Amino acid sequence: MPVTADGLPDAAAHGDPAPPPGLVAIGRFDQLPGYGVHRPHGADSWLFTWTTGGRGRLRQGASETRAGAGDLVALAPGVRHDYGTEPGAAHWRFWWVHCQARPSWPAWLRPYDAGDGMYVVTPANRDADGRIEAAFRRMLTDARWTGTGTPPVTEPGDDRERVAVAHGSAARELALCALEEVVLLTVGAARTPSPPPGVDPRVRRAQELIAADPGAPHTVRSLATAVSLSPSRFAHLFTEQLGRSPMRALREARLHHAARLLENTDLSVERVAAASGFASPFHFNRVFRERYGMPPGAYRAGRPMVGT
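Just so it is clear, the structure is predicted and the values come from calculations on it, not from any experiment. (Residues numbered from 1 in each chain as written. Predicted model: local features only at pLDDT ≥ 70, side-chain atom pairs only at ≥ 80, totals over all residues. Heavy atoms only, no water.)

### Section: the environment of Ile 210
Logical step 1: Assignment of secondary structure puts Ile 210 in helix α4 (residues 201–212).
Logical step 2: It is 8.3 Å that separates the C-alpha atoms of Ile 210 and Ala 249, two residues lying 39 residues apart in sequence.
Logical step 3: Among residues more than four places away in sequence, those in contact with Ile 210 are His 218, Leu 223, Pro 246, Ala 249, Leu 250 and Ala 253. (Helix = DSSP H or I, 4+ residues; strand = E, 2+ residues; numbered from the N terminus. Contact = heavy atoms within 4.5 Å.)

Spelled out as structure tokens, the structure:
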């Protein structure tokens, strides 16, 4: 049975599941204190939020952020998350979209990675707000289009339909095009991300080496040598400053890389494992399931590529 906007709640509540994977669901909420959503297994699709007023608090895995006006926050699928009106705030007004991200989007968002699949894009200025707001309104309108005849006209300031679900392929693609515009505009207007204060340049360099090629045969010794530290000093410094060991950071980067390959290529699971630095497919299956809540094959099956 197809899901319609009537089948979705006006606002998600604690424990409510996310919309089913494959749908594009769009909405605009203005929530009072006490509003909150908790999903212990995350969602099967990406969640994008763009705040227009008040403040929200979002957590994904061990990462957390406060969202104010103009902030775009993206939560990748498969990781425990919760979000709601920030304690002490009068309200939280925001647009949200559940969908499958297009293959190019994670690369655009990567500089704003806050960890555990959370991406936080904070604007340096608010010059693009009008275009971003218009893009969200188009999404809400285009989701109702049947794919024949003339698409509905977007009425400025018309918030009567607060939730919509795009069903037809034409409506979904139009909605995704508008969301792509939002991602590009927010990233273009974003503050240049800076490394955490106090992080040693050698630790930052090791992070860059891991991010540049997570599938490479990195070890504590090889990374330490690359930054001119002894293995023991490097491991201690890395863990002290980033809160996780070099090998844990490497495993997370490899799993993230593997997930992108599963989403965007037709490589076999065994080849994805090898390309991501996992020598054993059995080990890869186990740790992937632990991270994303499902084996690699099921993850791929639930995330169709654009155009399918």
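### Observations regarding the pairing of strand β4 (residues 56–60)
Side-chain positions along a regular strand alternate between the two faces of the sheet.
Logical step 1: Side chains Gly 56, Leu 58 and Gln 60 project from β4 onto a buried face, and the interleaved Arg 57 and Arg 59 project onto a face without burial.
Logical step 2: Bridging between β4 and strand β5 (residues 63–67) involves 5 bridges; their strand directions are antiparallel. When the bridges of β5 are listed, Arg 59 appears paired with Glu 64.
Logical step 3: What sits between the antiparallel neighbours β4 and β5 is a turn of 2 residues, in which Gly 61 has the positive phi angle 60°.
Logical step 4: By the bridge criterion, 5 bridges tie β4 to strand β7 (residues 81–85) in an arrangement that is antiparallel. Pairing of Arg 57 across the sheet is with Gly 84, part of β7. (Buried < 20%, exposed > 50% of the residue type's maximum accessible area, 1.4 Å probe, protein only. Pairing = 2+ DSSP bridges.)

### Examining the packing of helix α7 (residues 246–264) against helix α9 (residues 281–292)
Logical step 1: Where α7 meets α9, the axes come as close as 11 Å, and the angle between the chain directions of the two elements is 90°. Taken as axis vectors, α7 and α9 run roughly perpendicular relative to one another. Along its contact with α7, which presents Arg 251, Glu 252, Leu 255, His 256, Ala 258, Ala 259 and Leu 262, the element α9 presents Phe 284, Val 287, Phe 288, Glu 290, Arg 291 and Tyr 292.
Logical step 2: Partitioning the contact of α7 with α9 into residue classes produces 8 nonpolar, 1 polar and 4 charged. (Axes fitted to C-alpha atoms, helices over the stretch in contact; angles between N-to-C directions. Parallel < 35°, antiparallel > 145°, perpendicular 65-115°, else oblique. Nonpolar A, V, L, I, M, F, W, Y, C, P; charged D, E, K, R; others polar.)

### Topic: the packing of aromatic side chains
Logical step 1: As enumerated under the stated definition, the model contains 16 aromatic pairs in all.
Logical step 2: With 3.8 Å between their ring centres and 15° between their planes, Trp 92 and Phe 94 make a pair best called stacked. Each member of the pair Trp 92 and Phe 94 is classed as buried.
Logical step 3: Three or more aromatic residues joined by ring pairs form one cluster here, namely Phe 29, Tyr 35, Tyr 83, Trp 92, Phe 94 and Trp 96.
Logical step 4: Lying across the ring of Tyr 292, Arg 291 places its NZ or CZ 4.7 Å from the centre. (Phe/Tyr/Trp six-rings, centres within 6.5 Å; stacked < 30°, edge-to-face > 60°. Lys NZ or Arg CZ within 6 Å of the ring centre and 35° of its normal.)

### A short note on the packing of α4 against helix α6 (residues 231–242)
Logical step 1: Where α4 contacts α6, the two axes come as close as 10 Å, and the packing angle between them is 90°. Comparing their axes, α6 and α4 come out roughly perpendicular. For the pair α4 and α6, the contacting residues are Arg 202, Val 203, Ala 206 and Gln 207 in the first and Phe 234, Leu 237, Phe 238, Gln 241 and Leu 242 in the second.
Logical step 2: Of the residues in the contact of α4 with α6, the class split is 6 nonpolar, 2 polar and 1 charged.

### Topic: the sheet that holds strand β8 (residues 92–99)
Logical step 1: The strand order β9-β10-β6-β3-β8-β1-β11 describes an open sheet built from 7 strands, whose pairing is antiparallel. Both edges of this open sheet fall to β9 (113–115) and β11 (163–166), since each of them pairs with a single strand only. For this sheet the average axis-to-axis angle between neighbouring strands, irrespective of direction, equals 20°.
Logical step 2: Strands in contact with helix α3 (residues 169–188) are β1 (24–31), β3 (46–54), β6 (72–75), β8, β10 (118–121) and β11; relative to β1, the strand with the most contacts, it is inclined by about 55°.

### Here's the deal with the sheet that holds β7
Logical step 1: Here 4 strands make up an open sheet; going across it, the order is β2-β7-β4-β5 and the pairing antiparallel. For this open sheet the edge positions go to β2 (36–39) and β5, each flanked by a neighbour on one side alone. Between one strand axis and the next, the sheet turns through 10° on average, direction left out of account.
Logical step 2: With 4 bridges joining them, β2 and β7 adopt antiparallel strand pairing. Within β7, the position partnered with Val 37 by the bridge is Tyr 83.

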